[in-house]
Amino acid sequence: MIQIVVGIVLILLHIICCILVWVGICTHIINVKKYLMFPVVFVPVWGVLCVFILHFQIWIQSDQRKEVGVEKMKVNEEIYKNIFQSGTEQEGNIVPLEEALIVNEPELRRELIMNVLNYNPEEYVELLKQARMNEDVEVVHYAITAMVELSKEYDSKLQELERLHQISPEDPEVMEQYCEFMEEYLSQGLLEEQIERVQRQRYEQLLEKKLKHQEDLHTCVCMVKNLMKLGDFEKAHEILQIIEKKWHRHEAYWILKVQYCVEQKQGEELKRTLDKMKKEHIYLSSKGREDLALWIDS
């Protein structure tokens, strides 16, 4: 009887330790990756000890890096300024981060890549792709680990949304969340070509279903972009015509029309489209002008 009670107490203590470690990781009090919860859960005591040893090792190394001269701090600050945009700038835009990968000091280069990993790595997927080709083996390891973690998180979220959609296929809120997630997921470029095509076909089905309930501009734009990625330009043109009828003066239509002409190599139609924009005095935002210039220059 005493052995049973002791066993129950030990199990409860283990569960409490697991919860505390998980909360610590989520709140960044414990500076380790989430996948290290596996040894914590399945290897009682030793798993927790390993996580804390790793945390203190990272903390000590970080503390040692802070003990630098004033000049070194100034250099670091300037590099950070050149690498990361100010929070007031347009969200989603990333300053080219090649500087972080060509810095001559290995410790500084690794510190920069670790900062990317610890704070919203999904915003720096392009940097992580570049980092995988870096000559520094440790930087490559960090980048590959981050990409694998991102893929796991996206796959987990995808499975959850698929489950919710199967349970409530007509729920507009679930449909909206599913479509928004697919838009973000596919834009990251994490998938292999064949898998991406399968997911884009699934995304097309979701958008078609959504359009039957509500024909809004954003959904139509997403549909056209996805269809062009799939190479279905005939169907993309049909949706473009719907956008033209309903949102003729909206910049999204004109940017998509230019993109369509470029993708289809329709030089004369592109010229007519640009002339029509000038004639009709179509207003473009700064972001719209950047997108338009991107397609015209391509």
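Residues numbered from 1 in each chain as written. Predicted model: local features only at pLDDT ≥ 70, side-chain atom pairs only at ≥ 80, totals over all residues. Heavy atoms only, no water.

1. Concerning the packing of helix α10 (residues 193–213) against helix α11 (residues 217–230)
Each pair of packed helices can be summarised by the angle the axes make with each other and by the distance between the axes. Put simply, the rule reads: Note on geometry: axes are C-alpha line fits, over the in-contact stretch for helices, and angles between N-to-C directions span 0 to 180 degrees. For helices the rule is a DSSP run of H or I covering at least 4 residues; for strands it is a run of E covering at least 2, with both sets numbered from the N terminus onward. Oblique is the label for any angle not covered by the other classes, which are roughly parallel (under 35 degrees), roughly antiparallel (over 145) and roughly perpendicular (65 to 115). Should the near helix be turned anticlockwise from the far one by less than a right angle, the crossing is left-handed, and should it be turned clockwise, the crossing is right-handed. Between two residues, a contact is recorded if the distance between any of their heavy atoms is within 4.5 Å. Residues were grouped as follows: Ala, Val, Leu, Ile, Met, Phe, Trp, Tyr, Cys and Pro as nonpolar; Asp, Glu, Lys and Arg as charged; and all remaining residues, including Gly, as polar.
Packing of α10 against α11 leaves a shortest axis separation of 10 Å and a crossing angle of 150°. The angle between α10 and α11 falls in the class roughly antiparallel. Like other packed secondary-structure pairs, α10 and α11 cross with a definite hand, here left-handed. Contacts from Arg-197, Arg-200, Gln-201, Tyr-203, Glu-204, Leu-207, Glu-208, Lys-210 and Leu-211 in α10 reach Thr-219, Cys-220, Cys-222, Met-223, Asn-226, Leu-227, Lys-229 and Leu-230 in α11. Its residues assigned to classes, the contact of α10 with α11 shows eight nonpolar, three polar and six charged.

2. So, empty space enclosed by the protein
We count it as follows: A cavity here means a set of 1 Å grid points, computed over protein atoms only, where a 1.4 Å probe fits but cannot escape. A pocket is an open set with protein on both sides within 12 Å along at least 5 of 7 lines, and lining residues have an atom within 4 Å of a point. Grid points are joined across faces, edges and corners, and a volume is the space filled by probe spheres set on the points.
In total, this model carries one cavity of 30 Å³ or more according to the counting rule given. There is about 40 Å³ of room inside the largest cavity. Every residue lining the largest cavity is listed: Glu-176, Cys-179, Glu-180, Glu-183, Tyr-203, Leu-207, Lys-210, His-218, Thr-219 and Cys-222. Counting residues per element, the ones that place at least two in the lining of the largest cavity are α9 (172–187), α10 and α11. For the lining of the largest cavity, the residue count by class is four nonpolar, two polar and four charged.

3. Some thoughts on the packing of α9 against α10
Two elements in contact, α9 and α10, have axes separated by 10 Å at closest approach and are oriented at 150°. α10 is crossed by α9, and the crossing has left-handed handedness. Residues Met-175, Glu-176, Tyr-178, Cys-179, Met-182, Glu-183 and Leu-186 of α9 pack against Glu-196, Gln-199, Arg-200, Arg-202, Tyr-203, Leu-206, Leu-207, Lys-209 and Lys-210 of α10.

4. Focus: the side chain of His-165
Stated precisely, the cut-off is as follows: Burial here depends on accessible area, computed with a 1.4 Å probe over protein chains only, as a share of the maximum for the residue type. Under 20% is buried, over 50% is exposed, and the range in between is partly exposed.
On the secondary structure map, His-165 appears in helix α8 (residues 137–167). Residue class for His-165 comes out buried when judged on its relative accessible area of 7%. Not counting chain neighbours up to four residues away, the residues in contact with His-165 comprise Val-174, Met-175, Tyr-178, Arg-202, Leu-206 and Lys-209.

5. Re the packing of aromatic side chains
Filter applied, for reference: For Phe, Tyr and Trp, where Trp contributes only its six-membered ring, two rings pair if their centres lie within 6.5 Å, and the inter-plane angle classes them as stacked under 30 degrees, edge-to-face over 60, or tilted in between.
A full pass over the atoms with the stated rule returns five aromatic pairs. Look at Tyr-154 and Tyr-185: their rings are 5.0 Å apart centre to centre, the planes differ by 15°, and that puts the pair in the stacked class. With Tyr-154 in helix α8 and Tyr-185 in helix α9, the pair connects residues that are 31 residues apart, well separated along the chain. No difference in accessibility class separates Tyr-154 from Tyr-185, as the two residues are buried.

6. Here's the deal with the nonpolar core
Filter applied, for reference: Put simply, a nonpolar core is a bunch of buried Ala, Val, Leu, Ile, Met, Phe, Trp, Tyr and Cys residues held in one set by side-chain atoms that sit within 4.5 Å of each other.
Core analysis: the largest hydrophobic core is formed by 43 residues, its most contacted members being Met-182, Val-224 and Ile-243. The contacts of Val-224, once residues within four sequence positions are left out, are Ala-236, Ile-239, Leu-240, Ile-243 and Leu-256. Counting residues in each nonpolar core, the second largest holds seven residues, with Ile-25, Met-37, Val-48 and Val-51 among its members.

In short, shape yes, function no, at least from these values alone.
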